[in-house]
Amino acid sequence: MRALMPAGADLAEMGRSPRRDLLAGLTVAIVALPLALGFGVSSGLGAEAGLATAVVAGALAAVFGGSNLQVSGPTGAMTVVLVPIVAQYGATGVLTVGLIAGLMLIALAVLKAGKYMQYMPAPVVEGFTLGIACVIGLQQVPNALGVAKPEGDKVLVATWRAVEEFAHTPNWTAIAIALGVTLVMLIGARWRPTIPFSILAVTGATIVAHFLHLDAAQPIGDLPGGLPAPSLSFLDLSAAGSLLAPAVAVAALAALESLLSAQVADGMTVGQKHNPDKELFGQGLANIAAPLFGGVPATGAIARTAVNVRTGASSRLAALMHAAVLAVIVFAAAPLVSRIPLAALAGVLIATAVRMVEVGSLRAMVKATRSDALILVLTAVATLALDLVYAVIIGLVVAGALALRAVAKQARMDQVDFIPDLPGEHSAEEHALLAEHIVAYRLDGPLFFAGAHRFLLELSDVADVRVVILRMSRVTTMDATGALVLKDAVEKLNRRGIAVMTSGIRPGQRQALDSVGALKLLRREGREYATTPEAIAGAHTYLEGAGMLSAVQDQHGSGPVQETVR
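Residues numbered from 1 in each chain as written. Predicted model: local features only at pLDDT ≥ 70, side-chain atom pairs only at ≥ 80, totals over all residues. Heavy atoms only, no water.

What about the nonpolar core?
Let me state the cut-off plainly: Buried Ala, Val, Leu, Ile, Met, Phe, Trp, Tyr and Cys residues form a nonpolar core when they are joined through side-chain atoms within 4.5 Å. For every residue, the accessible area obtained with a 1.4 Å probe (protein chains only) is divided by the maximum for its type, and the residue is called buried under 20%, exposed over 50%, and partly exposed between those limits. Put simply, DSSP marks the helices as runs of H or I at least four residues long and the strands as runs of E at least two long, and each gets a number from the N terminus on. By definition, residues are in contact when any of their heavy atoms lie within 4.5 Å.
Of all hydrophobic cores here, the largest spans 95 residues; its most connected members are L37, F128, V181, V250, L326 and L388. In terms of residue count, helix α4 (residues 76–110) provides more of this core than any other element does, 16 residues in total. In this structure V250 touches M78, V81, L82, I85, V97, A101 and P297, once residues within four positions along its chain are discounted. V490, I498, V500 and A518 belong to the second largest nonpolar core, which has 30 residues in total.

Some points on the packing of aromatic side chains
Applied cut-off: The rule is short: rings of Phe, Tyr and Trp, with Trp giving its six-membered ring, pair when the centres are within 6.5 Å, and they are stacked under 30 degrees, edge-to-face over 60, tilted in between.
Tallied over the full model, the rule gives three aromatic pairs. With centroids separated by 6.5 Å and ring planes inclined at 70°, the aromatic side chains of F64 and F281 adopt a geometry described as edge-to-face. With F64 in helix α3 (residues 47–64) and F281 in helix α11 (residues 276–292), this pair connects stretches of sequence that are 217 residues apart. The class for F281 is buried, based on a relative accessible area of 3%. Seen from their ring centres, W191 and F197 are 6.2 Å apart, and the 45° between their planes marks the pair as tilted. Look at F197 and you get buried, because its relative accessible area is 13%.

Examining the pattern of salt bridges
Two side chains with opposite charge may pair up if their charged atoms get near one another. The following threshold applies: Here, a salt bridge means any Lys or Arg side-chain nitrogen found within 4 Å of an Asp or Glu carboxyl oxygen.
What the rule picks out here adds up to three salt bridges. A salt bridge links R442 to D444; the shortest N-O distance between them is 3.5 Å. Between R510 and E528 there is a salt bridge, and its shortest N-O distance comes to 2.7 Å. In this pair, R510 is assigned in helix α22 (residues 507–515) and E528 in strand β8 (residues 528–529), connecting sequence segments 18 residues apart.

A short note on the packing of helix α17 (residues 370–385) against helix α18 (residues 388–410)
We apply this condition: In this analysis an axis means a line fitted to C-alpha atoms, helices contributing only their contacting stretch, and an angle means the value between N-to-C directions, from 0 to 180 degrees. When describing relative orientation, an angle under 35 degrees is termed roughly parallel and one over 145 degrees roughly antiparallel, while 65 to 115 degrees is termed roughly perpendicular and anything else oblique. Crossing handedness: left-handed means the near helix sits turned counterclockwise from the far one by under a right angle, and right-handed means the same turn made clockwise.
Running from amino to carboxyl end, α17 crosses α18 at an angle of 160°, the nearest separation of the two axes being 8 Å. Between α17 and α18, the interaxial angle falls into the category roughly antiparallel. Here α17 and α18 pass one another in a crossing that is right-handed. Contact with α17, carried on its side by S371, L374, I375, L378, T379, A382 and T383, involves L388, A391, I394, G395, V398, A399 and L402 of α18 and no other residues of that element.

A short note on a nonpolar patch on the surface
To be explicit about the condition: Patch criteria: residues need more than 30% relative accessible area and no salt bridge. Like-charged residues are merged within 9 Å; nonpolar side chains of Val, Leu, Ile, Met, Phe, Trp and Tyr are merged within 5 Å. Only the protein chains shown count as cover for residues, and the accessible areas themselves come from Shrake-Rupley with a 1.4 Å probe.
On the surface, L386, Y390, I393 and V397 cluster together into a nonpolar patch covering about 410 Å² of accessible area. Mapping L386 onto the fold places it in the loop between α17 and α18. Among the residues examined, L386 registers a relative accessible area of 45% and is labelled partly exposed.

Considerations on the pairing of strand β7 (residues 499–503)
The side chains of a regular strand alternate, residue by residue, between the two faces of the sheet. Condition: Note on pairing: DSSP must find at least two bridges between two strands before they are called paired.
Counted residue by residue, β7 has five buried out of five residues, so it is predominantly covered. Residues A499, M501 and S503 of β7 are buried on one face, and the alternating residues V500 and T502, pointing to the opposite face, are buried as well. Across five bridges, strand β5 (residues 467–471) lies against β7 in parallel orientation. Paired with V467 across the two strands is A499, which belongs to β7.

A look at the environment of V94
For V94, the position within the fold is in helix α4. Its relative accessible area of 0% is what places V94 among the buried residues. Along the sequence, V94 and D414 sit 320 residues apart, while their C-alpha atoms lie 59 Å from each other. Setting aside residues no more than four positions away along its own chain, V94 makes contact with L45, L82, I85, V86 and P297.

So, α11
Our working definition: To estimate the expected span of a helix, count its residues, drop one, and scale the result by 1.5 Å. The definition of a polar contact used here is a pair of N or O atoms within 3.5 Å, where within protein one atom must be able to donate a hydrogen and the other to accept one, and adjacent residues in sequence count solely through side-chain atom pairs.
Here α11 contains 17 residues, and its C-alpha end-to-end distance of 25 Å stays within 8% of the 24 Å for a straight helix at 1.5 Å per residue. Judged by how many residues are buried, α11 sits mostly within the fold: 13 of 17 residues are covered. Sitting at the head of α11, N275 places a side-chain oxygen 3.1 Å from the backbone nitrogen of D277.

Observations regarding unusual backbone geometry
We note that K112 has phi near 60°; this positive angle belongs to a residue other than glycine. With respect to the helices and strands, K112 occurs in the loop between α4 and α5 (122–139). Overall, K112 belongs to the exposed group, its relative accessible area being 54%.

Some remarks on the environment of M413
Within the fold, M413 resides in strand β3 (residues 412–416). Relative accessible area serves as the criterion here: at 12%, M413 is assigned to the buried category. M413 sits 47 residues away from S460 along the chain, and the two C-alpha atoms are 12 Å apart. For M413, the residues in contact, after removing those within four places along its chain, are Y441, R442, L443, F455, E458 and L459.

Thoughts on the environment of L374
Tracing the sequence through the fold places L374 in helix α17. Of the residues examined, L374 reaches a relative accessible area of 45% and is grouped as partly exposed. In sequence terms L374 and A343 are 31 residues apart; their C-alpha atoms lie 36 Å from each other.

Written as structure tokens, this is what we have:
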């Protein structure tokens, strides 16, 4: 636990460039305000829940997290996971899930699980990012159309019902506001990326809706003038068992998105490197504290982190400043924020969803290999049709299966010429006679469950010879299945009267071979050798002892040769 606590060096960096960090934090807060409000509304707990999350989780993750540049708060990906939880368990269920997920994140940090993030395949990440972007955009359709949010947690069904309701009672004001905010953000980001067009667009939409008395532009509604007092009154321990599975999903997403965001921050800077276990610890504390103040589960936010880096942040002070500015807004500007039209927030999130999709990355993944393209599309479709956690699991399973298939294809068994390794001086006649009785194979690559049976079929089809030599020094890995297959192949060849010699078995392979009895089978006949020449010499001796070769005088005077005994 001591290793997970904030280090003195981390805190000392906060005093090196305070002006730059404070300015960066202010900029991020301006960008984060409409996102926090929008994600709070989309989650089903209200705009105040999004603000509470941004303030409480943003501050704690900044102090205790493993990245100097990470900005945390409510995110679109988490909103996608929370919507069905709200529908099934209500607001108290979401708060309880967040607290349980926080405890799980701390457990992952203590177990040092952060390092396993590097094994997440890129097509899976790109696929669920694309899927999340689609879901976030579809979730905004009801507010963008100015209709009440339909019942149900399936985003495709809810979107279709919202479109049907709009067809009966059109609300062109809401559409105009949402579309205007979206266009301002997308065009403005291309024109002047450093200007926070989201807050400008939302402010403009609010002013227009207020002064023109556009009643169809439904506002957020009343917000509390401050954070609620911390409370555990939402806890329902009797429902903890049923909430365990959703909590695992939330914790998995929080870990994945936070570590991915921290990696993005490292890649945008020079000399910055996050500590994955400390990042999990900080996110765990943030998710334990946020529900106490009515907040939703939080993660590291890639978009806000990127803004933080681009505006010159160099320490945790910037993320703390972001949380402090949002806290001031909560306490001092709640009446103004409450007038923001829901359609304007929908426009912000639609623009955010569009900007989440990196067309260049998607094109690169699709062009890389067919497997990468399949994994990306499958993960994205699963995210849209099922949910994010199932989508990631499906993506990982498919990616793992395709990777095993590719690795298994690397395993080869090639017949090689044993003559160069034949000890001693031999004539061409003797070489030819020995070649009639001995065949040598070199095994390359992994011998494990994914491709071992193909090896068995190939080895069982060996031509009618008397000795098979297996050169195993190039076998990279072997599991119990591979060892069993090798044992079965040896036994089948022995039943056909073919002796099997092995050479070059590595120490790492001996345990698997010994566990299934294959090593004992080879040693019983004394047919395991350290080198290939020794194995060939053993085969030579075996053939002589079996009476298959007899010594004759070399007609050219070059010494003994071998003649087949017919």
